Amino acid sequence: MSSKESKQYDMIIVGGGTAGLVAAARLSEDGSKNILVIEAGEDRRGDPRIDTPGLLMSLWGDVTYDWGFWTEPQEYLGGRQIPQPRGKVLGGSSAINVTATVYPTKRNFDSWEALGNKGWSFKELAPYYRKCHTFYPASPETHELLSLDYMNPDNQGKDGPVRVCFPSGTYGPYQKAWMSAFKGAGVGNDRDPILGGKVGAFIPPNTVDPSTYQRSYAASAYFTPDIERRPNLSLLNTTFVNRILLRESDGSLEAYGVEARAGDGSTYNIYAKSIILAAGAFQSPLILESSGIGSKHVLEQHSIPVLKHLPGVGENLQDHCFTTVSFEAADGQMTMDAARDPELVKTLLKQYTETRTGPLTGVPYSLAFAPPVDFQGRIEQSKIESLASEYLVSGGKSLEAGMKTQYDELRSTMLDPAESTCWYGLTPAQVDTSGHRTSMAQSVSPSRPENYVTISIGLNHPLSRGHVHISSPFGTEPRIDPKYLSHPLDLEILARGVQFVEKLVSQPGLKQLLKVDHRVPQEAGSLDDIEKAKQIAKDRLWTSYHPSCTCAMMPEALGGVVNDRLVVHGTKNLRVIDASIFPMIPLGNIQTTVYAVAERACDLIKEDWAA
Ligand SMILES: Cc1cc2nc3c(=O)[nH]c(=O)nc-3n(C[C@H](O)[C@H](O)[C@H](O)COP(=O)(O)OP(=O)(O)OC[C@H]3O[C@@H](n4cnc5c(N)ncnc54)[C@H](O)[C@@H]3O)c2cc1C
C-alpha cells in the first residue's frame with residue numbers, strides 16, 4: 001500500500017481548475033483540515049504561453065493545454081461539429097480563456113431562486129463577485145479612449161486574488177468606435193456592469209496582473225507559493241479520477257474516496273471524509289456517471305451498476321452560442337491579422353518580454369448586451385410579445401416541471417425592456433466560424449490576405465438544451481450534444497440580432513474604420529433579409545466556450561443534481577461546485593460567476609464543518 005493509499009484526507013477536490021483551486025485555497029485556510037487536489041493536467045505555472053495574454057490563441061487545440069473536445073454532429077446546423085476547448089492544466093479553463101471579466105444581471109439570480117434555490121439571490125452573490133478579484137483602474141488616457149465613466153472603482157473588488165485591469169497597450173480606434181456605435185444605434189445605459197443590469201457597449205477588463213502584465217488565473221491567483229506551502233494542502237497532478245468510491249449509509253450514499261489513474265495507467269484508491277467535484281461542465285457529470293450516479297438508461301448502456309438513478313446528470317447543457325460577420329478593415333487600419341507576419345510577432349514578443357508593453361499585454365475584446373433588435377434597431381414591445389407567444393407558450397403541456405419554470409423565467413427576461421437577449425463582441429481580427437469541422441486553430445488563422453474586424457452575435461439566454469454523457473466508463477471522451485438552435489426561438493432571436501449589425505456598421509465612427517461592403521460571408525451583404533440572416537446564424541454558429549448547467553442546482557423533482565448547499569441528491573458528502581451547477585446560464589462570459597459560486601460554496605462548506 002503506497003502512502004497515497006494509506007492516508008485519509010478530510011476533503012478531496014477533483015479537478016484543479018477554476019473552481020477547484022478556489023476551494024483548495026479557501027478550505028485549506030482551516031489548518032485542521034487536510035485537503036488534496038487531484039488534477040488530470042500538468043502544473044504549468046510560469047509557462048510563458050499561458051502567462052502572456054496575447055498568446056492565448058496558440059493554446060487552443062494543443063493537447064498539452066486543451067482537452068480538445070468536439071460536439072456530436074449538430075442536427076440543427078446541417079451536421080456541423082463544433083470544437084469544445086477545455087483547459088487541461090492546473091488552473092483549468094482559466095489558463096486558456098480570453099480573460100474577459102463580465103458580470104451577470106440581478107434577474108439571472110432571481111431565476112436561480114425561482115428554481116428552488118434559497119440563498120442564491122443577486123444580493124447574496126454580489127459580495128463574492130468582489131471577493132474573488134482586485135480591480136486596477138485604467139490609466140487616464142485609456143479611461144478616456146474607452147469611455148469608462150460608467151465604471152466606478154468603488155464598486156469593484158479591492159483585495160481578491162484575481163487581478164483585473166485594462167492593459168493600455170492593446171486598445172485603439174475600434175474599441176472607441178464600438179462604444180459610440182451602440183449609443184448611436186440607441187442601445188445602452190450608463191450602469192456599471194458589476195451592479196447587474198448592463199445594457200449597451202462596454203469594454204470588459206482583462207484578468208491580467210498589471211504589475212507583470214501576465215495572465216491572472218486560478219493557478220497564479222489561488223495557488224500562490226504561500227498557499228501551496230500550507231502543510232495541510234497537497235496537489236496530485238497528471239492524475240485522472242476514474243470514479244468516486246461510494247457506499248450505502250443510513251439510506252443514502254456516502255463518498256469515502258476516489259479511484260485515481262496515474263499517468264502510467266495504474267489505478268489506486270485515495271480515501272477522504274468528503275469529496276468535491278470541480279472537473280467542469282463536461283467532466284463532473286461524467287465522473288458521476290462512472291460512479292453509478294445518473295440516468296438508469298445511460299448507466300445501463302455501459303453496464304455500470306446504478307447506485308442512484310438521477311436523470312438530471314449531464315442534462316440541461318447550456319452554452320451561449322454565437323455567429324460571426326467579418327468586415328475588411330479600412331485602408332491603413334491595423335488589426336490582429338498583422339500577426340500573420342512572423343517577423344512582427346518576433347518584434348512584439350521582444351517588446352513584451354523586455355518592457356511588458358504592447359499588444360501582447362492583453363486581449364482587446366469589446367462587448368455589448370442588447371435587448372431584442374433587428375436591422376432597424378430595438379424591436380417594438382408588441383412584436384417581442386408576439387414572438388414570445390408564438391414560440392414560448394407559458395405552461396407548455398409536454399414540459400417537465402423544471403423546464404416549465406425555466407421557460408417562464410426566460411419569457412419574463414425576454415419581455416423585460418431592461419434585460420438583454422443578445423450579446424455582441426468585436427474582435428479586431430478575422431474569425432472564420434464556418435465549415436463542417438473547423439478547428440479552433442483554423443478559426444483564428446488569418447487565411448485571407450486582407451485585415452479584418454469580426455463582429456460576433458450571440459445568445460445571452462438560450463432556450464435550447466443539450467446534454468453530455470459518457471462514451472465509456474472512466475473515459476476521457478464525453479459525448480457532447482449541445483443541440484444548438486434546437487429551440488426555434490433561438491434562431492429567430494439570433495437572426496434578428498445578426499440583422500442589427502447593419503445598423504451598427506452604419507454608425508459614423510465604425511463606418512469609417514471598415515469597408516462596410518467587403519463582408520464575410522458574402523450573404524451578409526443584405527442583412528435586412530431575415531432568411532439570409534438565419535442561414536448565416538446556422539452556417540457560422542460557434543461556441544462561446546461557456547458550457548454549463550449539467551449538474552444543475554435544483555430540487556430533484558425539477559431534474560436537479562445538487563441541492564442548494566451543492567450536495568448531490570441522494571448523497572451525504574459529495575458536492576459539485578463548478579460551472580455545471582448553474583441551473584440556468586447567466587448572461588455574458590461566465591468565469592466571474594464560476595469564481596463567485598466556488599467562493600460561496602466554500603463558505604457553505606465551512607458552515608457545514610462548524611455545525
Ligand atoms: C477558450 C475559452 C475561452 C474562454 N473565455 C472566457 C472569457 O474570456 N471570459 C470568461 O468569463 N469566461 C471565459 N471562458 C469560460 C471560463 O473560462 C470557464 O467557464 C471556467 O473557467 C470553467 O471553470 P470550471 O471550474 O467549471 O472548469 P475548469 O476550469 O475547466 O476546470 C476543470 C478542471 O478539472 C480537470 N479535470 C477534468 N476531469 C478530470 C478528472 N477526471 N480527473 C482530474 N481532473 C479532471 C481539468 O483538467 C480542469 O483543470 C472561456 C473558456 C474557454 C475554454
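Naming follows an unreviewed UniProt entry, where the protein appears as Putative aryl-alcohol dehydrogenase of Bimuria novae-zelandiae CBS 107.79. Per UniProt, the protein carries the Cofactor (unreviewed entry) text "FAD".

This part covers the UniProt feature "domain: Glucose-methanol-choline oxidoreductase N-terminal" (unreviewed entry) in the protein. UniProt records the feature "domain: Glucose-methanol-choline oxidoreductase N-terminal" (unreviewed entry) at residues 280-294, using the numbering of this structure. Measuring from the first to the last C-alpha atom of residues 280-294 gives 16 Å, for a span that is 73% helix and 13% strand.

What follows covers the pairing of strand S16 (residues 322-329). Buried residues dominate S16, accounting for eight of its eight residues. Inspection of the sheet shows S16 paired to strand S21 (residues 452-459) by seven bridges, in the antiparallel sense. For Phe327, the partnering residue across the bridge sits in S21 and is Val453. Strand direction decides the pairing type here: S16 and strand S24 (residues 514-520), joined by four bridges, are antiparallel. Considered in S24, the bridge of Ser326 is made with Val520.

What follows is about the site of the ligand. Near the ligand, the surroundings consist of 38 residues, among which Thr18, Glu39, Ser93, Ala100 and Gln591 are the closest. Separating an oxygen atom of the ligand from a side-chain N or O atom of Thr18 is a distance of 2.6 Å. Protein chains bury 99% of the 1,000 Å² of accessible surface belonging to the ligand in isolation. Within the residue set of the shell around the ligand, elements represented by two or more residues are helix H2 (18-27), strand S11 (240-249), helix H10 (280-290) and helix H19 (591-610). Here the element with the most residues in the shell around the ligand is H10; it accounts for three residues. Split into classes, the residues belonging to the shell around the ligand amount to 19 nonpolar, 15 polar and four charged.

Quick look at the pattern of salt bridges now. Between side chains of opposite charge, a pair can form as their charged atoms come close. In this structure the tally under the stated criterion is 32 salt bridges. Across the pair Arg519 and Glu502 runs a salt bridge, and its minimum N-O distance is 2.7 Å. Taken as a pair, Arg519 in strand S24 and Glu502 in helix H16 (residues 488-505) lie far apart in primary sequence, 17 residues in all. Salt bridges sharing common partners tie together Arg26, Glu29, Lys131, Glu599, Asp603 and Lys606.

With 14 residues, helix H12 (residues 342-355) ought to run about 20 Å at 1.5 Å a step, and its terminal C-alpha atoms sit 20 Å apart, in line with that. Where H12 starts, the residue carrying a side-chain oxygen 2.9 Å from the main-chain nitrogen of Glu343 turns out to be Asp341. Arg356 sits one or two positions beyond H12 and adopts a positive phi of about 50°.

Read from one edge to the other, the open sheet built from six strands follows the order S7-S17-S20-S21-S16-S24, with strand pairing classed as antiparallel. Edge strands, defined here as strands with exactly one partner in the open sheet, are strand S7 (200-202) and S24. The mean inter-strand angle of the sheet, taken between neighbouring strand axes irrespective of direction, is 25°. With six bridges connecting them, strand S20 (residues 422-427) and S21 associate as antiparallel partners. Across the sheet, residue Trp423 finds its bridge partner in S21, namely Gly458. Against the sheet, H16 contacts S16, S20, S21 and S24, and its axis sits at roughly 145° relative to S21.

On to the environment of Asp416. With respect to the element layout, Asp416 can be found in the loop between helix H14 (401-415) and S20. Measuring from C-alpha to C-alpha, the distance between Asp416 and Pro231 comes to 51 Å, with 185 residues separating the pair along the chain. Side-chain polar atoms of Asp416 contact the side chain of Arg107, separated by 3.2 Å.

Turning to its location among the elements, Pro473 is positioned in the loop between strand S22 (467-469) and strand S23 (479-481). For Pro473 and Lys273, which are 200 residues apart along the polypeptide, the C-alpha to C-alpha distance reads 24 Å. If we skip the residues at most four places from it in the chain, Pro473 touches Ser290, His302 and Ile304.

Before going further, it helps to examine the packing of H16 against helix H18 (residues 530-539). Viewed as axis vectors pointing N to C, H16 and H18 meet at an angle of 105°, and their least axial separation amounts to 8 Å. Taken together, the axes of H16 and H18 lie roughly perpendicular to each other. Facing H16, whose interface residues are Leu491, Glu492, Leu494, Ala495, Arg496, Val498 and Gln499, H18 presents Ile530, Ala533, Lys534, Ile536, Ala537 and Lys538. For the contact of H16 with H18, a count of residues per class yields eight nonpolar, one polar and four charged.

Next up on the list: unusual backbone geometry. Cis geometry marks the peptide bond from Val520 to Pro521; its omega dihedral reads 5°. Mapped onto the elements, Pro521 comes out in the loop between S24 and H18. For Arg356, which is not a glycine, the phi torsion comes out positive at approximately 50°. Along the polypeptide, Arg356 turns up in the loop between H12 and strand S17 (366-370). In this model, Phe474 sits at a positive phi of 60°, which is unusual for a non-glycine residue. Turning to its location among the elements, Phe474 is positioned in the loop between S22 and S23.

On to the nonpolar core. Ranked by internal contacts, the top residues of the largest apolar core, which has 174 residues, are Ile12, Trp178, Ile270, Tyr424 and Leu574. Top element by residues in this core is H16. It accounts for ten residues. Counting only domains with at least three residues in this core, you end up with domain 1 (8-58 + 86-135 + 209-317 + 465-482 + 546-610) and domain 2 (172-204 + 319-464 + 486-540). If sequence neighbours within four positions are ignored, Trp178 has contacts with Ala201, Ser366, Leu367, Ala368, Tyr424, Gly425, Leu426, Ile455, Leu504 and Leu510.

This paragraph deals with the domain arrangement of the protein. Here the protein is partitioned into domain 1 (8-58 + 86-135 + 209-317 + 465-482 + 546-610) and domain 2 (172-204 + 319-464 + 486-540). Taking only C-alpha atoms, the centre of domain 1 and the centre of domain 2 are 29 Å apart. Contacts between the two partners involve 44 residues from domain 1, matched on the other side by 40 residues from domain 2. Approximately 3,400 Å² of surface area, both sides summed, lies buried where domain 1 meets domain 2, with 62% of it carried by carbon and sulfur atoms. At the boundary of domain 1 with domain 2, the tally comes to one salt bridge. Close ionic contact of Asp416 with Arg107 constitutes a salt bridge, the shortest N to O distance being 3.2 Å. Taken together, the connections running from domain 1 to domain 2 amount to 14 residue pairs in polar contact (both at pLDDT 80 or more). Taken together, the elements giving at least two residues each to the side of domain 1 that touches domain 2 come down to helix H4 (106-114) and helix H5 (122-131). When residues in the side of domain 1 that touches domain 2 are grouped by element, the largest group, six residues, is from H4. The residue makeup of the side of domain 1 that touches domain 2, split by class, is 23 nonpolar, 15 polar and six charged.

The rules behind each value
- Residues numbered from 1 in each chain as written.
- Predicted model: local features only at pLDDT ≥ 70, side-chain atom pairs only at ≥ 80, totals over all residues.
- Heavy atoms only, no water.
- UniProt positions renumbered as here; feature names shortened; annotations may be inferred.
- Helix = DSSP H or I, 4+ residues; strand = E, 2+ residues; numbered from the N terminus.
- Buried < 20%, exposed > 50% of the residue type's maximum accessible area, 1.4 Å probe, protein only.
- Pairing = 2+ DSSP bridges.
- Near = heavy atom within 4 Å.
- Polar contact = N/O pair within 3.5 Å; in protein donor to acceptor, adjacent residues only side chain to side chain.
- Areas by Shrake-Rupley, 256 points an atom, 1.4 Å probe, with all protein chains shown as cover.
- Nonpolar A, V, L, I, M, F, W, Y, C, P; charged D, E, K, R; others polar.
- Salt bridge = Lys/Arg side-chain N within 4 Å of Asp/Glu carboxyl O.
- Expected span 1.5 Å × (residues − 1).
- Axes fitted to C-alpha atoms, helices over the stretch in contact; angles between N-to-C directions.
- Contact = heavy atoms within 4.5 Å.
- Parallel < 35°, antiparallel > 145°, perpendicular 65-115°, else oblique.
- Core = buried A, V, L, I, M, F, W, Y, C linked by side-chain atoms within 4.5 Å.
- Domains from an automatic or database assignment.
- Buried area = accessible area lost by both parts, 1.4 Å probe.

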